[in-house]
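Descriptive structure summary
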Amino acid sequence: MRPLIGIPPCLDESGRWRPGREYHYIDASYARAIHEAGGIPLYLPEAADPAAAVQRLDGLLVPGGDDFAPPTPYPPEVAFELAPRRQVDFDRALLAAALARPLPVLGICYGMQLLALHCGGSLHYDLATDQPSSGPHQFDSPEQRHEIAVEPGTALGALLGRAATAVNSRHHQAVAEPGSARISARADDGVVEAIEVAEARFALGVQWHPETLEPAHRRALFGAFVAACRGEAPAGGGARSTGY
């Protein structure tokens, strides 16, 4: 059977489309990637009960989203599109409930940053300000790529191999410290590009957007995630090295 995989959409409470209205929105590529890998995507709006929702799920995908609010002021020229506090609180509760059950979890971009915060980590709230030596990570074109180096002996390494991999990128926030999670990939400039939770059933976060990358890359990541949601061990020896 196809596993049921929850995806929380973003919340707009600022009237970006029509004044006075709230909207849930999300890139359709996430649902397509889940379906392509053999799962059934299910959107989980912020109004849902996180604890009750995860009882019906086989896995959780936390997708890309808006920015986390920095705890201290940044220079006025730094632009933030802040995720509503309600959305962040809901996503954190949903992630905690999923990991406690435990369900397989895949975090993408905002979702990876949320996973790091759950593990006691910290963020760069603006890379250009916090890590001026970093290269560009907010590409204008969906065709632009930068390389990452995957750490050996990680679950991600078992899925993608140890060779450098080119990925897309559209973020200005990033993981600074992963907390109890393990860093499994970095960009050439040192920016953290992937983390994983070794003691979890399957908990992987990636900073790039595999849902819009080439089919082979999508199959490697989403295929392993959906397989874990079906209760299958991932290919490539990840179970031996990380507990997946």
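Residues numbered from 1 in each chain as written. Predicted model: local features only at pLDDT ≥ 70, side-chain atom pairs only at ≥ 80, totals over all residues. Heavy atoms only, no water.

So, the overall build of the protein
Of regular secondary structure, the protein possesses 8 helices and 13 strands. Rg of the C-alpha trace for the protein: 17 Å, near the compact-globule value of 18 Å for 244 residues, within the 12% margin. In the protein, 71% of the contacts between residues at least 6 apart in sequence involve partners at least 24 apart. On the protein, roughly 10,800 Å² of surface is accessible, and the fraction owed to carbon and sulfur atoms is 52%. Treating the 20 positive side-chain charges of the protein as one cloud and the 29 negative ones as another, the clouds have centres 9 Å apart. (Helix = DSSP H or I, 4+ residues; strand = E, 2+ residues; numbered from the N terminus. Rg over C-alpha atoms; globule rule 2.2 N^0.38 Å. Contact = heavy atoms within 4.5 Å. Areas by Shrake-Rupley, 256 points an atom, 1.4 Å probe, with all protein chains shown as cover. Lys, Arg positive; Asp, Glu negative; His and termini not counted. Charge placed at Lys NZ, Arg CZ, Asp CG, Glu CD.)

Describing the sheet that holds strand E11 (residues 182–187)
An order of E4-E1-E5-E6-E13-E12-E11-E8-E9 is seen for the 9 strands of this open sheet, with the pairing classed as mixed. Here the strands that pair on one side only, and so sit at the sheet edges, are strand E4 (40–43) and strand E9 (165–167). For this sheet, the mean inter-axis angle between neighbouring strands, taken without regard to orientation, is 25°. Where strand E6 (residues 105–108) meets strand E13 (residues 203–206), 4 bridges bridge the pair, whose relative direction is parallel. Bridging across to E13, Leu106 finds its partner in Leu204. Lying over the sheet, helix H4 (residues 110–118) contacts strand E5 (59–62), E6, strand E12 (192–196) and E13, oriented at roughly 55° with respect to E12. (Pairing = 2+ DSSP bridges. Axes fitted to C-alpha atoms, helices over the stretch in contact; angles between N-to-C directions.)

Focus: the packing of aromatic side chains
The final tally for this structure, using the stated rule, is 5 aromatic pairs. Arranged with centres 5.7 Å apart and planes meeting at 85°, the rings of Tyr74 and Phe80 form a pair that is edge-to-face. Assessed through its relative accessible area of 19%, Tyr74 is described here as buried. Centre to centre, the rings of Phe202 and Phe225 are 5.8 Å apart; their planes meet at 45°, and the pair counts as tilted. (Phe/Tyr/Trp six-rings, centres within 6.5 Å; stacked < 30°, edge-to-face > 60°. Buried < 20%, exposed > 50% of the residue type's maximum accessible area, 1.4 Å probe, protein only.)

Details of the packing of helix H3 (residues 85–100) against H4
The geometry of H3 relative to H4 is characterised by a closest axis approach of 10 Å and an angle of 70° between their N-to-C directions. Judged on the interaxial angle alone, H4 and H3 are roughly perpendicular. Remark: the crossing between H3 and H4 carries right-handed chirality. Of the residues in H4, those touching H3 at Gln87, Val88, Asp91, Arg92, Leu95, Ala96 and Leu99 are Tyr110, Leu114, Leu115, Leu117 and His118. For the contact of H3 with H4, the per-class residue count stands at 8 nonpolar, 2 polar and 2 charged. (Parallel < 35°, antiparallel > 145°, perpendicular 65-115°, else oblique. Left-handed = near helix turned anticlockwise from the far one by under 90°. Nonpolar A, V, L, I, M, F, W, Y, C, P; charged D, E, K, R; others polar.)

Regarding the side chain of Ser184
By secondary structure assignment, the location of Ser184 is in strand E11. At 3.4 Å, the side chain of Ser184 and the side chain of Glu196 are in polar contact. Look past the residues within four positions of Ser184 in its chain and what remains in contact with it is Ala149, Val150, Glu151, Thr154, Leu156, Ala194, Ile195, Glu196 and Leu204. (Polar contact = N/O pair within 3.5 Å; in protein donor to acceptor, adjacent residues only side chain to side chain.)

Thoughts on the pairing of E5
Covered by surrounding structure in E5 are Gly59 and Leu61 together with Leu60 and Val62, the residues of both alternating faces. Here strand E1 (residues 4–7) pairs with E5 via 2 bridges, running parallel. Looking across to E5, one finds that Ile5 is bridged to Gly59. Bridging between E5 and E6 involves 3 bridges; their strand directions are parallel. When the sheet's bridge partners are listed, Val62 is paired in E6 with Gly107. As a crossover connection, the stretch from E5 through H3 into E6 is right-handed. (Right-handed = clockwise from strand over helix to strand, strands pointing away.)

Concerning the environment of Gly111
Positionally, Gly111 belongs in helix H4. On the accessibility criterion, Gly111 (2% relative accessible area) is buried. Spatially, the C-alpha atom of Gly111 lies 5.3 Å from that of Pro63, the residues being 48 residues apart in sequence. Discounting residues that sit within four places of it in the chain, Gly111 has contacts with Val62 and Pro63.

Description of helix H7 (residues 215–229)
Between its terminal C-alpha atoms H7 stretches 20 Å, which fits the 21 Å expected from 15 residues at 1.5 Å a residue. Phe222 marks the point of greatest bend in H7, at about 25°. Taken together, the buried positions of H7 are occupied by His217, Arg218, Leu221, Phe222, Ala224, Phe225, Val226, Ala227, Ala228 and Cys229. (Expected span 1.5 Å × (residues − 1). Bend = angle between axes of the 7 residues up to and from the residue.)

Fair warning: the whole summary comes from geometry, so function is off the table for now.
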